[in-house]
Amino acid sequence: MKLLHTSDWHLGRAFHRVNMLGAQADFVSHLVTTVREHAVDAVVVSGDVYDRAVPPLAAVELFDDTLHRLADLGVPTVMISGNHDSARRLGVGAGLIDRAGIHLRTEPAACGTPVVIPDAHGDVAFYGLPYLEPALVKAEFGVEKAGHETVLAAAMDRVRADLADRAPGTRSVVLAHAFVTGGEASDSERDITVGGVAAVPAGVFDGVSYVALGHLHGSQTITERVRYSGSPLPYSFSEADHRKSMWLIDLDAAGSVTAERLDCPVPRELARIRGTLEHLLDDPDLARHEEAWVEATLTDPVRPADPMARLAERFPHTLSLVFDPERSPDDPDVSYARRLAGRDDREIADDFVAHVRGAGPDEDEQAVLQEAFDAVRADAVVREVTP
């Protein structure tokens, strides 16, 4: 069985000030063409269909058009909700849409109920694990501690229990939206840290033929059976070196996996350039980036006049301008943002406590701080998805 694995479409998202809806529509057309040309047997979409819980109308219309085009192909499609989606909104009409061969899996309680798609060698069971926000699903899975690993492990227990009751040799595919240990993040994924931990070990998914992951925007192979497709389009300059693609997975009769990476159309190259303004304007080696979307970091010790306008004369698609004067780390003029770069909220809070009273928080205080940050993040999730 040939599977096409994609995820993280983020319909409705812009790239800096550039509207990406046209590029997203081009990707959908490419997806449909790929399914047809490669004789794909099933499509799996591993979450973050939309960029936010209440997407703009144009994004909803594009998704509606996508569903019709996939249904017209007669190729089964399985989709799950991600941490950017509203599971309840995405899942509206799932029962009716299911009849058209588009299977939306947005309910945590249904993790152990697969979509079964047969081929010449028997059944393939597709289990959809939507994004599982630990604070919201711990009661459903009967776990005491709200953590990503505990809720995913409980969900996978349901998957393995269902699989054990099926005919011997039944192959299985799990769709999941999570941060798996070994994956490399970019700047465009929303933080899902709980209890100071975001990642879960790949071993959580043991016992299935293939795991189609979503959430991280770079295409990655965690193991031969556990992969991220990555987003089909770039959504931050940290993705400048990404090769945007989908996985074409061939699942043989014994459940062995063969993977081929298929490139996605990207509207414009991304480039990150750095130096003094005069260097960026004069360096002949930068000519290859003149038609790219550009993030320029200026290292001039004093901010030059009209830098964006001057850069745009050579790089008309400059979208981001960063000032990072070259100074020693102990220079008192080093920016606050630069001093905080690479530090998470907990680390910043710990430093603040140390600054105010001369000593950082002890173990009990660190636990209280972590609980507070987790509660705020979980509350934000609830407020976003509540009508």
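Going by the structure above, here's the rest.
Residues numbered from 1 in each chain as written. Predicted model: local features only at pLDDT ≥ 70, side-chain atom pairs only at ≥ 80, totals over all residues. Heavy atoms only, no water.

Enquirer: Any details on the pairing of strand E16 (residues 257–263)? Residues and values, ideally.
Expert: With seven bridges joining them, strand E15 (residues 245–251) and E16 adopt antiparallel strand pairing. Following the sheet pairing, Ser-245 is matched in E16 by Asp-263. Counting the residues in the hairpin turn of E15 and E16 gives five residues, including Gly-255, whose phi is positive at 90 degrees. (Pairing = 2+ DSSP bridges. Helix = DSSP H or I, 4+ residues; strand = E, 2+ residues; numbered from the N terminus.)

Enquirer: Describe in detail the packing of aromatic side chains, supporting the description with residues and values.
Expert: Following the criterion strictly, the structure yields four aromatic pairs and no others. Ring geometry for Trp-9 and Phe-27: centres 5.7 Å apart, planes at 70 degrees, overall edge-to-face. Taken together, the residues span a long stretch of sequence, with Trp-9 in the loop between strand E1 (2–6) and strand E2 (14–15) and Phe-27 in helix H1 (residues 21–37) at a distance of 18 residues. Phe-27 carries the same exposure label as Trp-9, and that label is buried. Centre to centre, the rings of Phe-15 and Trp-293 are 5.3 Å apart; their planes meet at 35 degrees, and the pair counts as tilted. Taken together, the positions of Phe-15 in strand E2 and Trp-293 in strand E18 (residues 293–298) put the pair 278 residues apart, joining distant regions of the chain. For Phe-15, a relative accessible area of 0% puts it in the buried group. An aromatic cluster is defined as three or more aromatic residues linked by ring pairs; in this entry it consists of Phe-15, Phe-237 and Trp-293. Against the face of Trp-247 rests Arg-227, its NZ or CZ located 4.5 Å from the ring centre. Over the aromatic face of Phe-323 sits the side chain of Arg-303, whose NZ or CZ is 3.7 Å from the ring centroid. (Phe/Tyr/Trp six-rings, centres within 6.5 Å; stacked < 30°, edge-to-face > 60°. Buried < 20%, exposed > 50% of the residue type's maximum accessible area, 1.4 Å probe, protein only. Lys NZ or Arg CZ within 6 Å of the ring centre and 35° of its normal.)

Enquirer: If you had to explain helix H8 (residues 307–314) to someone new, which residues and values would you point to?
Expert: Every buried residue of H8 is listed here: Pro-307, Leu-311 and Arg-314. Looking down the long axis of H8, one finds its buried residues gathered within 55 degrees of arc, a one-sided arrangement. Lining the buried residues of H8 we find helix H7 (277–282), E18 and strand E19 (318–323). (Arc of directions from axis to C-beta. Contact = heavy atoms within 4.5 Å.)

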